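Summary of structural features
Spelled out from the first residue to the last, the chains are:
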There are 2 protein chains.
Amino acid sequence: MKELPIHIQLQPESDRTLYEQIYEYIRDEIRQGSLLQDEKLPSARLLAEDLQVSRTTVDMAYGQLVSEGYLEARPRQGYFVCAVEGLCVIDPFQKSDKRTVSKQSRQTAEQYDFSPNAIDMHFFPYATWKKITKSILVDANSDMFSLGEPQGDLSLRTTICRYLHGARGVNCEPEQVIVGAGNDYLLLLLEKILGRHVHVAMEDPTYAKAYRIFQSCAYPVTFVPMDENGISVECLRHTDAQVAYVMPAHQYPTGISMPIGRRMELLKWAAEQEGRYLIEDDYDSEFRFKGKPLPSLQASDRNGNVVYIGTFSKAIAPAIRISYMVLPYPLLTRYREACGFYSSTVSRIDQTILNEFIQDGYFERYLNKMRKQYRMKHDLLLTELRAFRKAFRISGSNAGLHVILTDRMGRSEEELARTAQEAGVKVYRMRDFRMKESGGTAAMLILGYAALSPEEIGKGMALLREAWL
Amino acid sequence: MKELPIHIQLQPESDRTLYEQIYEYIRDEIRQGSLLQDEKLPSARLLAEDLQVSRTTVDMAYGQLVSEGYLEARPRQGYFVCAVEGLCVIDPFQKSDKRTVSKQSRQTAEQYDFSPNAIDMHFFPYATWKKITKSILVDANSDMFSLGEPQGDLSLRTTICRYLHGARGVNCEPEQVIVGAGNDYLLLLLEKILGRHVHVAMEDPTYAKAYRIFQSCAYPVTFVPMDENGISVECLRHTDAQVAYVMPAHQYPTGISMPIGRRMELLKWAAEQEGRYLIEDDYDSEFRFKGKPLPSLQASDRNGNVVYIGTFSKAIAPAIRISYMVLPYPLLTRYREACGFYSSTVSRIDQTILNEFIQDGYFERYLNKMRKQYRMKHDLLLTELRAFRKAFRISGSNAGLHVILTDRMGRSEEELARTAQEAGVKVYRMRDFRMKESGGTAAMLILGYAALSPEEIGKGMALLREAWL
């Protein structure tokens, strides 16, 4: 991979700093497709020499580009251009009429993004949230501005218990609930509870963020293959794993709902040996469209082997940095010993707002509205997908906010994603979620629909029909 | 240990819930000394049967008592009465005139708590905070409810940089600032940045919470003795430490302000070897009463060896779960590689409120008001302490919110703390902050004054005079 020269004409008289000029130049080169995905940039030292600026100036420009997602810093290798989603980045060496750069085509590409991560915030009751906030602030006294309990306010934990019991069959007491600022933080705490050198098994494919967190904890991770019922417990038995991280309700990204038989097998595995645990990430269990809702894995746990993790970021709003973790009693003891002194990461004001939002019935009402909205979009997508049935197998559609298309015609994921992108539609390749190279499997695409309007779903699917059928 | 019968007369017609009645009964029994430390309570199931109420009702009452520190839940053993500080709890088997139970004596004991941790929230501009919150919520759009940057919003980081540069001489760019929900969380992140098996040196005595966090990271910790200028760099050189955690502005709890000479020695130590760092915890640097304010240690750092950590919990309110960490560039690179993907733990709404609070000048105004308040209390305390000069050496009074009294008369810390408590005053023993047993040193007591009113300081000191002089 050769290093690219960066031809910046720095203007010392400009009211933009040198750092900003370098940053903007490289950003625009990437946006315009002059710098391509995976291309390597000159080292900060070289570029600084070349431009006759200080090393710090280049470091700052690169740092800004990394933090905005234009560049990626690969350890001991240097800086590389990232894949910039939705920008319809152009490869200048490959000529294609459809891929000419124009504002139009870029906007189109951004318009139909079937992201499995995005959610619909259109119906979020901002007014209600503001009203509750105001009413709480009216009564807010110095108490509310004091530091709360490390585990979270008892009132909120009690409310979460009640909600989880009713909605997900989770059996727990408020004392087992730890409230924290996001799942990432709770997994950090869990590391302190489980201890070091814990061998973790994960489904493959899985949620890459959780994998990165386990990596940053220096946990050895083994990926266990899945069949149509989820993680293979037989394969799990052949590992040394002590902890398995699973998403039984609607596996991400495969969309598989684990049936009760497999769940019992998994719980049996956990109960067989002292110190084995299952981490159940119940990330989008609120949304289910077909069949009776299956309660959580925790609901079937008789031996205290399940750590249940959930979040309000998906069901309410990503900015609500409130997640919760339900610990089985043996781990609760270890929590109190090892990290019960860590101060709460959620302010009491935010906890009180959320508590009232749930207790006054707004959360249930909002969930019902969103279930209706998502079901409508889900049904529309499945109707549109009927035309695709000859070319693709559709799966993962019973629950959650995305579905899986498996190609029947021997095409590759790359080809399908590329032709979709050329048509202005972004779909997601399963291989980007796979942890091990798995040769020979049919191409699988992930289509999330939560953040698209019904019109956008219709138009996006029409474009895909042209591109793929 | 036998189980105690709880003889509660529940009043179903009361406007207090059953849960509240149970909670209040047990709380009062503990406060009055009818239930003693380490005594075991009946199990929730038994008590529920006995009182003919639901198990949940008792669970909630017990949960509340645990969260308020009256009870302790011991795994697989049940609920036990905690040691309740400052309540002057009576052991009925020990007869002593001074320790008879009366409302009077109990109130006295609670009234004059010279805690070095508490702060004065009396002047907090609740109205302004509420006003800003409201104005932000009026304009709040879905953007504000989306997930922000992992490091924190650029606008807040820029504001923090500007503030730190002006107030503490800290040299940094916004890209070096990591915003997080509390110091504890930032230290967890720092573990991921520094890596494992990092040998840490700490001042002795030190901030016990930080020590516990390093312990929970399995970092080997060496305690380094201090002289009147702070941590002994000579002793530090005899350790294998790679990182030193220090509080140069106003060491907790000794109150020592590290002079510039010692600071330069410390920076020299850090610069001597690749990979050495100083963690500067600047926890209450906003308050200084004598002499010119010394800028931060980071301000003198020419080699990128200082990690600067500060918080708004002390200067604004404990509930504001916003702290910040300024990383030197080598560690910033490691942050991006190792944990730049961890989602922010602070909601964008809270970040925006704080940013406006600072930018609109309210923070500066509030700090000025509190500086005046604290200076007034500080001066009053020192005036009162004049009478103590024969019996005690007074130190640590140039900055921060507590002072140190060193006994000149050969009494023990236990004796002094006990006679103070009998007089209704809570003072803090240095030995509770020491990490190593240090025989032979004179008794040292810590008196924090931030949360007491001038009247309370006066009355408390009058009682101490009687007890000690």
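Residues numbered from 1 in each chain as written. Chains lettered and ligands numbered in written order. Predicted model: local features only at pLDDT ≥ 70, side-chain atom pairs only at ≥ 80, totals over all residues. Heavy atoms only, no water.

One pass over the structure, following the stated rule, counts 43 aromatic pairs over all chains. Here the aromatic rings of Phe388 of chain A and Trp468 of chain A are separated by 6.5 Å at their centres, their planes lie at 85 degrees, and the arrangement is edge-to-face. One end of the pair, Phe388 of chain A, is in the loop between α13 (362–385) and β12 (392–395); the other, Trp468 of chain A, is in helix α15 (residues 454–468), and 80 residues separate them in sequence. The same class applies to Phe388 of chain A and to Trp468 of chain A, which are both buried. Taking the centre distance of 5.9 Å and the plane angle of 50 degrees together, the rings of Phe124 of chain B and Trp129 of chain B count as tilted. We classify Phe124 of chain B as buried; its relative accessible area is 4%. Over the ring of Tyr428 of chain A we find Lys426 of chain A; its NZ or CZ atom is 5.0 Å from the centre of that ring. (Phe/Tyr/Trp six-rings, centres within 6.5 Å; stacked < 30°, edge-to-face > 60°. Helix = DSSP H or I, 4+ residues; strand = E, 2+ residues; numbered from the N terminus. Buried < 20%, exposed > 50% of the residue type's maximum accessible area, 1.4 Å probe, protein only. Lys NZ or Arg CZ within 6 Å of the ring centre and 35° of its normal.)

Before going further, it helps to examine the domain arrangement of chain A. In terms of domain boundaries, chain A breaks down into domain 1 (1–90), domain 2 (141–360) and domain 3 (365–468). Measuring from the centre of the C-alpha atoms in domain 1 of chain A to the corresponding centre in domain 3 of chain A gives 34 Å. (Domains from an automatic or database assignment.)

Our focus in this paragraph is the interface of chain B and chain A. Counting residues at the interface gives 58 residues for chain B, matched by 60 residues for chain A. For the pairing of chain B and chain A, the buried interface totals around 5300 Å² over both sides, and the portion due to carbon and sulfur atoms is 62%. Among the residues of chain B in contact with chain A, Phe145, Arg196 and Phe341 of chain B are the three that bury the most area, contributing 14% of the side total. Summed over the shared surface of chain B and chain A, the number is two salt bridges. One salt bridge connects Lys192 of chain A with Glu191 of chain B, and the closest N-O pair in it is separated by 2.7 Å. For the pair chain B and chain A, the interface holds 14 residue pairs in polar contact (both at pLDDT 80 or more). At the level of elements, α3 (55–67), α5 (126–139), α7 (183–194), α8 (208–216) and α11 (329–339) of chain B are the ones that each hand at least two residues to the side of chain B that touches chain A. The element that contributes the greatest number of residues to the side of chain B that touches chain A is α5 of chain B, accounting for seven residues. Here the residues of the side of chain B that touches chain A are counted per class, giving 30 nonpolar, 13 polar and 15 charged. (Contact = heavy atoms within 4.5 Å. Buried area = accessible area lost by both parts, 1.4 Å probe. Salt bridge = Lys/Arg side-chain N within 4 Å of Asp/Glu carboxyl O. Polar contact = N/O pair within 3.5 Å; in protein donor to acceptor, adjacent residues only side chain to side chain. Nonpolar A, V, L, I, M, F, W, Y, C, P; charged D, E, K, R; others polar.)

Okay, the relation of the copies chain B and chain A next. Here chain B sits on chain A after a turn of 179 degrees about the axis and a move of 2.6 Å along it, with an RMSD of 2.9 Å. A shared interface surface links the copies, since 97% of the contact residues of chain B are contact residues in chain A too. (Least-squares fit on C-alpha atoms with pLDDT ≥ 70 in both.)

A few words now on the pairing of strand β5 (residues 200–204) of chain A. For β5 of chain A, the buried fraction is high: five of the five residues fall into the buried class. Read as a crossover between parallel neighbours, the route from β5 of chain A over helix α8 (residues 208–216) of chain A to strand β6 (residues 221–227) of chain A is right-handed. (Right-handed = clockwise from strand over helix to strand, strands pointing away.)

Among the nonpolar cores identified, the biggest contains 140 residues, and Phe145 of chain A together with Phe145 of chain B are the most heavily contacted of them. Judged by nonpolar contacts, the second largest core, of 83 residues, contains Tyr185 and Phe214 of chain A together with Tyr219 and Tyr342 of chain B. (Core = buried A, V, L, I, M, F, W, Y, C linked by side-chain atoms within 4.5 Å.)

Residue and element names in this part refer to chain B. The four strands lie next to each other as β12-β13-β16-β15, forming an open sheet whose pairing is antiparallel. Across the chains shown, the open sheet's two edge strands, defined by having one partner strand only, are β12 (392–395) and β15 (428–429). Packed onto the sheet, helix α13 (residues 362–385) meets β12 and β13 (402–407) and runs at close to 15 degrees relative to β13. (Pairing = 2+ DSSP bridges. Axes fitted to C-alpha atoms, helices over the stretch in contact; angles between N-to-C directions.)

Turning our attention to helix α1 (residues 18–31) of chain B. Under the 1.5 Å per step criterion, the end-to-end length of α1 of chain B is 20 Å for 14 residues, consistent within 8% with the ideal 20 Å. Taken from the residues just after α1 of chain B, Gly33 of chain B is the one with a positive phi, measuring 85 degrees. (Expected span 1.5 Å × (residues − 1).)

With that out of the way, let us pick up the sheet that holds strand β16 (residues 444–448) of chain A. All names here are of chain A. Pairing is antiparallel across the open sheet formed by four strands, whose spatial order is β12-β13-β16-β15. With partners counted over all chains shown, the strands left at the sheet margins are β12 and β15 (428–429), one partner each. Pairing of β12 with strand β13 (residues 402–407), which is carried by four bridges, proceeds in the antiparallel orientation. Residue Arg393 lies in a different strand from β13, and its bridge partner there is Thr406.

Residues and elements named next belong to chain A. As a packed pair, helix α7 (residues 183–194) and helix α11 (residues 329–338) sit with axes 8 Å apart at the nearest point and diverge in direction by 95 degrees. Judged by the inter-axis angle, α7 sits roughly perpendicular to α11. In contact with Leu189, Lys192, Ile193 and Leu194 of α7, α11 contributes Leu331, Arg334, Tyr335 and Ala338. For the contact of α7 with α11, the per-class residue count stands at six nonpolar, no polar and two charged. (Parallel < 35°, antiparallel > 145°, perpendicular 65-115°, else oblique.)

Residues and elements named next belong to chain B. Following Asp204, the chain continues into Pro205 via a peptide bond in cis, with omega recorded as 5 degrees. Residue position: Pro205 is located in the loop between β5 (200–204) and α8. The linkage connecting Tyr252 with the following residue, Pro253, adopts the cis geometry, with an omega of 5 degrees. Note on placement: Pro253 falls in the loop between β8 (243–246) and α10 (260–272). The phi torsion at Gln52 lies on the positive side, around 55 degrees, for a residue other than glycine.

So, about the pairing of strand β10 (residues 306–311) of chain A. Residue and element names in this part refer to chain A. β10 sits mainly inside the fold: six of its six residues count as buried. The alternating pattern of β10 places Val306, Tyr308 and Gly310 on one face and Val307, Ile309 and Thr311 on the opposite face, and all of these are buried. Here strand β9 (residues 277–281) pairs with β10 via four bridges, running parallel. Its bridge partner being in β10, Asp281 is matched across the sheet by Ile309. The pairing of β10 with strand β11 (residues 323–326) spans four bridges and is classified as antiparallel. Residue pairing in the sheet places Ile309 in a bridge with Met325 of β11.

Let us now look at the state of the cysteines. Tallied over the entire structure, the rule returns zero disulfides over all chains. Not engaged in a disulfide, the cysteine Cys161 of chain A finds its nearest cysteine sulfur in Cys172 of chain A; these two sulfurs lie 3.3 Å apart. Overall, Cys161 of chain A belongs to the buried group, its relative accessible area being 7%. In this model Cys217 of chain A remains outside any disulfide bridge; the closest cysteine sulfur is found in Cys339 of chain B, 10 Å from its own. (Disulfide = S-S within 2.5 Å.)

Here we take up a positive patch on the surface. All names here are of chain A. There is a patch of like positive charges on the surface, built from Lys290, Arg386, Arg389, Arg393 and Arg408. Take Arg393: it is sitting in strand β12. Arg393 sits in the partly exposed class, given a relative accessible area of 43%. (Patch = residues over 30% accessible without salt bridge, like charges linked within 9 Å, V, L, I, M, F, W, Y side chains within 5 Å. Areas by Shrake-Rupley, 256 points an atom, 1.4 Å probe, with all protein chains shown as cover. Lys, Arg positive; Asp, Glu negative; His and termini not counted. Charge placed at Lys NZ, Arg CZ, Asp CG, Glu CD.)

Attention now goes to the environment of Pro253 of chain A. Residue and element names in this part refer to chain A. Relative accessible area serves as the criterion here: at 0%, Pro253 is assigned to the buried category. Put simply, Pro253 and Ala317 are 64 residues apart on the chain and 21 Å apart in space, counted from C-alpha to C-alpha. Apart from residues lying up to four places away in sequence, Pro253 is in contact with Pro205, Thr206, His402, Ile404, Met430, Phe433 and Ile446.

Here we come to the pattern of salt bridges. Across all of its chains, the model carries 44 salt bridges over all chains by this definition. A salt bridge links Arg336 of chain B to Glu175 of chain B, with the nearest nitrogen and oxygen atoms 3.8 Å apart. Here Arg336 of chain B is found in helix α11, whereas its partner Glu175 of chain B is found in the loop between α6 (154–168) and β4 (177–180), with 161 residues between them in sequence. Residue classification places Arg336 of chain B among the buried positions, given a relative accessible area of 19%. Among the charged side chains, a network of salt bridges with common partners joins Glu191 and Lys192 of chain A together with Glu191 and Lys192 of chain B.

Now for helix α12 (residues 348–359) of chain B. Residues and elements named next belong to chain B. The end-to-end C-alpha distance of α12 is 16 Å, a good match for the 16 Å that twelve residues give at a rise of 1.5 Å each. Burial of α12 is extensive: nine of the twelve residues sit out of reach of the surface. When we look at burial in α12, the residues that qualify are Ile349, Asp350, Gln351, Thr352, Ile353, Leu354, Asn355, Phe357 and Ile358. Following α12 by one or two positions, Gly361 adopts a phi angle in the positive range, close to 90 degrees.

This next bit is on the side chain of Asp184 of chain B. Here Asp184 of chain B lies in helix α7. The exposure class assigned to Asp184 of chain B is buried, which follows from its relative accessible area of 7%. Engagement of the side chain of Asp184 of chain B in a polar contact is seen with the backbone nitrogen of Ser343 of chain A, the distance being 2.7 Å. Here Asp184 of chain B is in contact with Phe341, Tyr342 and Ser343 of chain A together with Lys209 and Ile213 of chain B, once residues within four sequence places are set aside.

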